[in-house]
Amino acid sequence: MHHRSRTYRIFSIFNTFFLLMLGVLCILPLIHILAVSFSASAPANANLVRFLPIDFTFAAWEQTLGNDNFVRALWNGVYRTVLGTIISLTTITLAAYALSKEDHEFKGRKLYVYALVFIMLFNGGLIPTYILVQNLGLLNTIWALVLPGAVNVFNLILLLNFFRTGVPKSLEEAALIDGAGHFRILFKIYLPISLPALVTVGLFTMVGQWNSWFDGLIYLTDASKFPLSTFLQTIIVQNDFSQLNVNPDEVRALSERTVRSAQIFIGALPIILVYPFLQKYFVKGIVLGSVKE
Amino acid sequence: MVQPRQGVIRQIPKKKRKQAWNMKRNWPLHVLVMPAVLLAIIFNYIPLGGIIMAFQDYKPWFGFSGSEWVGFDHFRRIFEFSEGRQVIWNTLIISSFKIVFQLIIPIMFALLLNEVRVMAFKRSIQTLVYLPHFLSWVILGGILLDLLSVDGGLVNQMITSLGFQPIFFLGDGDWFRVTVITSDVWKDFGFSAIIFLAALAGINPSLYEAAIVDGANRLQQVLYITLPGLLPITIVVATLALGNILNAGFDQIFNLYNPLVYDKGDIIDTYVYRQGLLGGNFSYATAVGVFKSIIAFILIVTGYRLAYKYANYRIF
């Protein structure tokens, strides 16, 4: 189909090389961090480590995973992610099913849609939201992390469009004639058929929950409740140990460069682990769910 | 025994009957949207009421009812404070550059990737370049602080080994902007390219065949078929991005900046955080936030209108 001219062949070689460089550039920083985390502290502090560990050792990882504060934050992060994903995914799946109906089937659909799209565009802002969470008595509880952002309108729209394009109308009509109600249609027809879509949106939600750090920073006053992302933000980015009640030895250990690198890598690890599953679905999902002809 | 009710239903006028049927069959739909709507009302609509504090001199211990009204004073202060003007300017500069590069580079990347015929290679590259999008700015911030540090960060090691002076990436205002824009493009160019790759796959192959018959070389095919084919989706992405021009990336900047670069790196969102939650200037910070929201709202609505008009795009 395409020309096999000399110029094009030269371009192809150059192009392949260039793209390879770009691809490698995207993971090189992670490899560097991994290499530092497995190196002995002396070469790490002397900035000798590039992309391979020097004097390979698990010391930094042992130090990190043996630290009570870090492990507690890790569990808080996992807990928050699981709870947040369940709440958010349930809420938006139910809503997306109802809103995927046509206007004439579901009176009031338009009103709900506008009400939900509006929150994607306009919000009260940081301070009024903070005051609300405070007045509801949610400060310093996990609910302040999982409830305010539960309705992710972007994910809801993705799912809604999946439901519209992925579920054959005839199947639904057949079920209706057989006397099935909406709940049964949702659970017996929509959910099994849309499993790939649910997995996609579920993984997106999980990644979002795991990565969230700012809400923990403002809504949690007790540092022992910090999820891992918030913990890493204060320890690694702000370099602030004042909120943790740790003794100076522990501070020194936690701020060691190799330990810092291990902490960063563990923070990225869940994402790296779910990434292969995520990648399998999201390309198709995003294109299908976001652009409608 | 329950009496058969068919006779009764037949007496109801047809239209009413249909409505009654609709309500009876569809009440579960209202139940299904309810959790989402209730959460939205509580956590998104109620805080909208808090916006009145932008017109008050809000004191937490007096509450909304007891605080003094000051009208538009806080909004005026945004423009009277040189700090406020500077923050708006920083936001516009940083996000304009981000929008431009986040449009050009993904398109170029998609075009180059589209020339690759070996599918396995293409997929591997895609896998690599999408990954940073899913890592948070806390993780990437931690990595960048390490990579870019002046004394011995990997990047500065390379720069000095080439014989240049080390660069204070995160401590010098101008370099800070460059760092922010570059790292943003680095994180997301692959992911942004997805939509362009999809559009490229959708271009009718017979157009290329016709062009080849007419003697067009590969470059001419790109110029006269591929690029015009990408135009509609480019318009959509550009107009929608414009609606986000006041979002210069809170997560990123918050995790990279420090007092040294406040003058050139502070954006509206980080300023609201520092003034409001840290500084206790609740009303002023809210006014800045409201100002931002209103402009953003107008831009987004206009953006969607334009995208719909010129590229027939709609969200659902």
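Heads up: the structure comes first, above all this text.
What counts, and at which threshold
- Residues numbered from 1 in each chain as written.
- Chains lettered and ligands numbered in written order.
- Predicted model: local features only at pLDDT ≥ 70, side-chain atom pairs only at ≥ 80, totals over all residues.
- Heavy atoms only, no water.
- Phe/Tyr/Trp six-rings, centres within 6.5 Å; stacked < 30°, edge-to-face > 60°.
- Helix = DSSP H or I, 4+ residues; strand = E, 2+ residues; numbered from the N terminus.
- Buried < 20%, exposed > 50% of the residue type's maximum accessible area, 1.4 Å probe, protein only.
- Contact = heavy atoms within 4.5 Å.
- Buried area = accessible area lost by both parts, 1.4 Å probe.
- Salt bridge = Lys/Arg side-chain N within 4 Å of Asp/Glu carboxyl O.
- Polar contact = N/O pair within 3.5 Å; in protein donor to acceptor, adjacent residues only side chain to side chain.
- Nonpolar A, V, L, I, M, F, W, Y, C, P; charged D, E, K, R; others polar.
- Expected span 1.5 Å × (residues − 1).
- Bend = angle between axes of the 7 residues up to and from the residue.

## Topic: the packing of aromatic side chains
Residues and elements named next belong to chain A.
Link 1 in the chain: All told, the structure shown has 42 aromatic pairs over all chains when counted by the stated rule.
Link 2 in the chain: Considering the side-chain rings of Phe38 and Trp61, the 5.3 Å spacing of their centres and the 5 degrees angle between planes classify their relative orientation as stacked. Of the two residues, Phe38 is situated in the loop between helix 1 (6–37) and helix 2 (41–45) and Trp61 in helix 3 (residues 59–65); the sequence distance between them amounts to 23 residues.
Link 3 in the chain: Note on Phe38: relative accessible area 14%, which makes it buried.

## Some points on the interface of chain A and chain B
Link 1 in the chain: Facing the 98 residues of chain A at the interface are 87 residues of chain B.
Link 2 in the chain: A buried area of about 8,600 Å², summed over both sides, lies between chain A and chain B, and 77% of it is on carbon and sulfur atoms.
Link 3 in the chain: Between chain A and chain B we count 2 salt bridges in total.
Link 4 in the chain: Between A:Arg257 and B:Asp146 there is a salt bridge, with the nearest N and O atoms lying 2.8 Å from each other.
Link 5 in the chain: For the interface between chain A and chain B, the tally reads 18 residue pairs in polar contact (both at pLDDT 80 or more).
Link 6 in the chain: Ranked by residue count, the leading element in the side of chain A that touches chain B is helix 1 of chain A, at 17 residues.
Link 7 in the chain: In terms of residue class, the side of chain A that touches chain B is made up of 69 nonpolar, 21 polar and 8 charged.

## With respect to helix 9 (residues 173–201) of chain B
Residue and element names in this part refer to chain B.
Link 1 in the chain: In this model helix 9 runs 42 Å from its N-terminal to its C-terminal C-alpha over 29 residues, within 8% of the 42 Å that 1.5 Å per residue would give.
Link 2 in the chain: Along helix 9, the sharpest change in direction is near 50 degrees and occurs at Asp188.
Link 3 in the chain: In terms of residue burial, helix 9 counts as a mostly covered element, since 21 of its 29 residues are buried.
Link 4 in the chain: Where helix 9 begins, the side chain of Asp172 points an oxygen toward the backbone nitrogen of Asp174, at a separation of 3.2 Å.

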